[in-house]
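Per-entry structural report
Here is how the chains run, residue by residue.
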Amino acid sequence: MPTKTLQIPTPDGRADAFAAFPDRGERHPGVLLYPDALNLRPELEKKARELADHGYYVLVPNLFYRNGPAPVFDLPEHIGEEDRPTIFAQLLPLVEAHTTDRVLRDADAYLGFLTAQPEVGTGPVATIGYCMGAALAMRTATAHPGQVAAVAGFHPGFLVTDAPDSPHHRIPELTARVHIGLAVGDMTPEALGELNQALGAAGVEYTTEVYPDTIHGFTMTDTDAFSPSGLQRHWDRLLPLLDRALGNS
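Thresholds, definitions, all that
- Just so you know, the residues in each chain are numbered from 1, in the order the chain's sequence is written.
- Reporting in this predicted model follows two pLDDT cut-offs: at least 70 for local features of residues, and 80 or more for side-chain atom pairs to be given and counted; totals over whole chains, interfaces and linings ignore these cut-offs and use all residues.
- Water and hydrogen atoms were dropped before computing side-chain values, which therefore reflect all heavy atoms in the structure.
- Buried means the residue's accessible area, taken with a 1.4 Å probe over protein chains only, is under 20% of the maximum for its type, while exposed means over 50%, and partly exposed covers the values in between.
- Under the DSSP-based scheme used, a helix requires at least four consecutive residues in state H or I and a strand at least two consecutive residues in state E, with every element numbered from the N terminus.
- Throughout, a contact is declared for two residues whenever any of their heavy atoms are within 4.5 Å.
- The axes used here are C-alpha line fits, helices contributing only the stretch in contact, and every angle between their N-to-C directions lies in the interval 0 to 180 degrees.
- Should an angle lie under 35 degrees it is considered roughly parallel, over 145 roughly antiparallel, and from 65 to 115 roughly perpendicular; all remaining angles are considered oblique.
- Handedness of a helix crossing follows the sense of rotation of the near helix relative to the far helix, less than a right angle counterclockwise being left-handed and clockwise being right-handed.
- Residue type decides the class: Asp, Glu, Lys and Arg count as charged, Ala, Val, Leu, Ile, Met, Phe, Trp, Tyr, Cys and Pro as nonpolar, and the leftover types, Gly among them, as polar.
- Strand pairing requires that DSSP identify at least two bridges connecting the strands.
- If the strands point away from the viewer and the path from the first strand over the helix to the second runs clockwise, then the crossover is right-handed.
- Should a side-chain nitrogen of Lys or Arg be within 4 Å of a carboxyl oxygen of Asp or Glu, the pair is scored as a salt bridge.

Let us look at helix H1 (residues 42-52). By the burial criterion, the buried members of H1 are Glu43, Leu44, Lys47, Ala48, Leu51 and Ala52. Buried residues along H1 sit against strand S2 (13-20), strand S3 (30-34), strand S4 (57-61), strand S5 (125-130) and helix H6 (228-246).

If you want it as structure tokens, here you go:
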């Protein structure tokens, strides 16, 4: 399968990125895949390859390119609970600096770059995100409703917050099909109710689901949070969503 390491021009510099796509000559639907807070690393490259096996061109940007090339700082091959305090002490300033304005500037650049690739078709695209990436996927979809036909988020963070610019406040602008797959405890019942109410009022096709026996991060095989059944359920929900929205069935 072809893969590429790319440089995406943005208003703030150049974002390094990973792309995977089928080993065929025709053009394919585009997918913009936002990593979790642990950022672009072999685990996300593996997910991109798996998704590309199903007929998609998948672009995975380095979220924190302003601080250096991915992974920005060293990560162990397997991230255990004992590693998280040190890692997240380094990550927190990067996450806090990744403001809504930055996210939207980057989204414009990422989508423009994705759709300009010769291997990508002319139809709509999808956005997918894990952890904080779910909020980025949603922000991208609501800012580009004519272009993003599907949005999926798994073990999401920051989708519903008390901030005036919380992603859920922009859902009235959404036109994409949506699936949100949550770990047990990812959102309070009140927050999930707010999300469902916003999605319902927008009139879009959507599902939100709490995956049983999971904890936050359940799709990531390189962490202690990994759940094989949770990862499989994620594929079982994601692939039909993309097929329907992007016409790749």
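With that settled, consider the packing of H1 against H6. Interaxial distance between H1 and H6 falls to 12 Å at its minimum, and their mutual angle equals 45 degrees. With respect to H6, the element H1 is oriented oblique. Here H1 runs over H6; the crossing is right-handed. Facing Lys47, Glu50 and Leu51 of H1, the residues of H6 in contact are Leu231, Trp235, Leu239 and Leu242. Taken together, the residues of the contact of H1 with H6 break down into five nonpolar, no polar and two charged.

What follows is about the sheet that holds S3. Sheet architecture is open: eight strands sit in the order S1-S2-S4-S3-S5-S6-S7-S8, paired in mixed fashion. Of all the strands in the sheet, the pair left with one neighbour each is strand S1 (3-10) and strand S8 (206-210). The mean inter-strand angle of the sheet, taken between neighbouring strand axes irrespective of direction, is 20 degrees. Of the strand pairs in this sheet, S1 and S2 are connected by eight bridges, and their pairing is antiparallel. Opposite Thr3, over in S2, you have Ala20 as the bridge partner. Each of S3, S5, strand S6 (148-154), strand S7 (177-182) and S8 touches H6; the most contacted strand, S6, lies at about 170 degrees to it.

Next up on the list: the pairing of S4. Taking burial as the measure, the five residues of S4 include five buried ones, the bulk of the element. Judged by which residues are buried, S4 turns out to be covered on both faces: Tyr57, Leu59 and Pro61 on one side and Val58 and Val60 on the other are all buried. Pairing geometry for S2 and S4, over four bridges, is antiparallel. Among the inter-strand pairings, Phe18 is bridged to a residue of S4, identified as Val60. Of the pairings in the sheet, the one linking S3 to S4 comprises three bridges and is parallel in character. Pairing of Gly30 across the sheet is with Tyr57, part of S4. Each parallel crossover has a hand, and the one from S3 via H1 to S4 is right-handed.

Right, let's talk about the pattern of salt bridges for a bit. Per the counting criterion, the structure on display carries 14 salt bridges. For Glu173, the salt bridge goes to Arg170, with nearest N and O atoms at 2.7 Å. Residue Glu173 is classed as partly exposed on the basis of its relative accessible area of 39%. By relative accessible area, which is 30% here, Arg170 ends up partly exposed. Linked by salt bridges that have partners in common, Asp12, Arg66, Arg105 and Asp106 make up one network.

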